[in-house]
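# Structure assessment
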Amino acid sequence: MGDPSGLNDPSGRSRPGLILVSTPIGNLGDLSPRAVATLREADAVLCEDTRVTAPLLTRHGISAPLTPLHDHNEDQATPRLLARMAEGKRFALVSDAGTPLMSDPGYRLVRAAIAAGVEVSAIPGPNAAVMALTLSGLPPHPFLFLGFLPPRAAARAAELAKLRAAERAGLSATLVLYEAPHRLAETLAALAEALGPRPAAVTRELTKRFEEVRRGPLPELAAFYAEHAPRGEIALVVGPPEQDATAGEDELDTRLRAALATGESLRDAAALVAAATGLPRKQVYARALELREEQG
């Protein structure tokens, strides 16, 4: 009988001890035949939450035992799992939904397995970030996947400031990130404040019955979701900076440095430049702070 998973190599190469298996992000019909075959053949399935994975396996008549692997036990479980792989056991790693490791547990185990010489393979399949990117109508490449931004406002602002610094240094990429529904409006507003009125797309409930893609400038999307609380899984896509954005930032920096050189206070210099350029005072003041820090 043949090998439906395609992972038993007749050339004699060692078979994978760890296989990353992509699972549906909403529509259960998206589990591939290869994924089903691999899960059936695994000695155990490593999963984030057995309550999520068990119904999926039952639907396909898969009886492989489930072993929890999540952020809280991954470091502790890794040596034991590697020892069993060395004995010839084969494990399939799944996340609750989508492609393993993409904002989900498993990276530490994969890294350790590679270091230990364990053969690692993968069964491709659904991924919310890539699907959102392709549906957004924004440039598909290059793109930068950010996962989840920090939930707290100060930490999130710091991450976005690093991103803007990278863009000022030449980064120009479409951004893809995930967000929880109760933080969506707040995150969109933070993105609009940090990045300006860029085109963006909010994708919700991808592959499910109520799949939705809403496109528009960041401030417009922030205002909409402030009034219409969303539900379900969400992926955001934000367009890259415009071609002339860097030139505009260079002009802002030149004006700020000139104002500060006359002896104006940071606050007064920001107010003068904001009035001259029409830019939000808060944005100009934040850049003035960054310039002072860069100058030491």
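For every chain, the first residue of the written sequence is number 1, and numbering continues from 1 along that sequence. With pLDDT at 70 or above as the cut-off, local features in this predicted model cover only qualifying residues; side-chain atom pairs require 80 or more to be listed or tallied, and sums for whole chains, interfaces and linings still use all residues. Side-chain calculation: all heavy atoms of the structure are included, whereas hydrogens and water are not.

Rules: UniProt positions are given in the numbering used here, feature names are shortened, and annotations may be inferred rather than shown by experiment.
If you look the protein up in an unreviewed UniProt entry, it shows as Ribosomal RNA small subunit methyltransferase I from Pseudoroseomonas ludipueritiae. The record held by UniProt for the protein lists under Catalytic activity (unreviewed entry) the comment "cytidine(1402) in 16S rRNA + S-adenosyl-L-methionine = 2'-O-methylcytidine(1402) in 16S rRNA + S-adenosyl-L-homocysteine + H(+)". Within the UniProt record for the protein, the comment given under Sequence similarities (unreviewed entry) is "Belongs to the methyltransferase superfamily. RsmI family."

## So, the pattern of salt bridges
Condition: Any Lys or Arg side-chain nitrogen located within 4 Å of an Asp or Glu carboxyl oxygen qualifies as a salt bridge. Buried residues are those whose accessible area, probed at 1.4 Å on protein chains only, stays under 20% of the maximum for their type, while exposed residues exceed 50% and partly exposed ones sit between those limits.
Scanning all chains against the criterion turns up 17 salt bridges. Between R183 and E179 there is a salt bridge, with the nearest N and O atoms lying 3.1 Å from each other. Its relative accessible area of 18% is what places R183 among the buried residues. Members of the salt-bridge network, linked through shared partners, are D71, E74, D75 and R108.

## Focus on the packing of aromatic side chains
For the record, the criterion: Working definition: rings of Phe, Tyr and Trp (its six-membered ring) pair if their centres are within 6.5 Å, and the pair is stacked with planes under 30 degrees apart, edge-to-face with planes over 60 apart, and tilted otherwise. Where helices and strands are cited, they refer to DSSP runs of H or I of at least four residues and of E of at least two residues respectively, numbered from the N terminus. Whether a charge sits over a ring depends on NZ of Lys or CZ of Arg being within 6 Å of the ring centre and within 35 degrees of the ring normal.
Per the counting criterion, the structure on display carries three aromatic pairs. Note on F148 and Y178: the rings are 5.8 Å apart at their centroids and 65° apart in plane angle, and the pair reads as edge-to-face. Placement of the pair is F148 in strand 6 (residues 143-148) and Y178 in strand 7 (residues 174-179), with a sequence separation of 30 residues. On the basis of relative accessible area, F148 is assigned to the partly exposed category, the value being 45%. Grouped by ring-pair contacts, the aromatic residues F145, F148 and Y178 constitute a single cluster. Directly above the aromatic system of Y285 lies the positively charged group of R267, at a separation of 5.0 Å from the ring centroid.

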